[in-house]
Amino acid sequence: TYTKAWRYAVWLAIAFTVSYTLVFVVFLFTNCKPFDAYWKAFNPVYATTQEYTCIDTKVINILAGVFASLSDLYAVALPCIITWNLDMPKPQKIGLNIIFSLGLGVIAISGVRTYWLIGTYTHPST
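Residues numbered from 1 in each chain as written. Predicted model: local features only at pLDDT ≥ 70, side-chain atom pairs only at ≥ 80, totals over all residues. Heavy atoms only, no water.

Further remarks concern the packing of aromatic side chains. Here a ring pair, both rings aromatic, is described through the centre-centre distance and the interplanar angle of the planes. Summed over the entire model, instances satisfying the criterion amount to 11 aromatic pairs. A ring pair is formed by Tyr20 and Phe67, whose centres lie 5.8 Å apart and whose planes are at 50°; its orientation type is tilted. Taken together, the residues Tyr20 in helix H1 (residues 4-30) and Phe67 in helix H4 (residues 58-84) connect sequence positions 47 residues apart. One aromatic cluster is present, built from ring pairs that chain together Phe16, Tyr20, Phe24, Phe27, Phe67 and Tyr74. (Phe/Tyr/Trp six-rings, centres within 6.5 Å; stacked < 30°, edge-to-face > 60°. Helix = DSSP H or I, 4+ residues; strand = E, 2+ residues; numbered from the N terminus.)

See below:
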């Protein structure tokens, strides 16, 4: 059975994911003027022959990594919580939670990526 608290937790998770996704999509569309400079600026010919302006996206990229990690965390936690209270044999519950917990590897990789981004931004290689 689903409790009111469970419903709130699921809706909060959905609202969080939709909200941060919309915010980062807006940032994506407003990072550079003209818009296509976001991708073309990495082309040396374009970068030296065209006029464009782009905002510094370091903080945005780090926040995107942090929010994605949080989203991954509750995507793993919610199924584990709900299956633990189901009426099924304990070995089956443990097996399901092990399978769901494989998502912790995704969270770890996402955390490493965000940590690497922070390190790259604070200590750029020359």
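The geometry of H4 relative to helix H6 (residues 103-122) is characterised by a closest axis approach of 9 Å and an angle of 165° between their N-to-C directions. One element, H4, and the other, H6, form an angle in the roughly antiparallel class. Of the two possible hands of crossing, H4 and H6 adopt the one that is left-handed. Contact residues: H4 offers Lys58, Asn61, Ile62, Gly65, Val66, Ala68, Ser69, Asp72, Leu73 and Val76, while H6 offers Gly103, Leu104, Val106, Ile107, Ser110, Gly111, Arg113, Thr114, Leu117, Ile118 and Tyr121. Partitioning the contact of H4 with H6 into residue classes produces 11 nonpolar, seven polar and three charged. (Axes fitted to C-alpha atoms, helices over the stretch in contact; angles between N-to-C directions. Parallel < 35°, antiparallel > 145°, perpendicular 65-115°, else oblique. Left-handed = near helix turned anticlockwise from the far one by under 90°. Contact = heavy atoms within 4.5 Å. Nonpolar A, V, L, I, M, F, W, Y, C, P; charged D, E, K, R; others polar.)

Where charged atoms from two side chains of opposite charge approach closely, those side chains can pair. Summed over the entire model, instances satisfying the criterion amount to one salt bridge. With its nearest N and O atoms 2.9 Å apart, the salt bridge here joins Asp36 to Lys40. Residue Asp36 is classed as partly exposed on the basis of its relative accessible area, which comes to 30%. (Salt bridge = Lys/Arg side-chain N within 4 Å of Asp/Glu carboxyl O. Buried < 20%, exposed > 50% of the residue type's maximum accessible area, 1.4 Å probe, protein only.)

Over its 20 residues, H6 extends 29 Å from the first C-alpha to the last, a length consistent with the 28 Å expected when each residue adds 1.5 Å. Taken together, the buried positions of H6 are occupied by Gly103, Ile107, Ser110, Thr114 and Leu117. Angular distribution of buried residues about the axis of H6 spans 85°; they occupy a single face of the element. Pointing more than 90 degrees away from the buried face of H6 are the exposed residues Ile109, Val112, Tyr115 and Trp116. Its buried side turned inward, H6 meets H4 and helix H5 (90-101). (Expected span 1.5 Å × (residues − 1). Arc of directions from axis to C-beta.)

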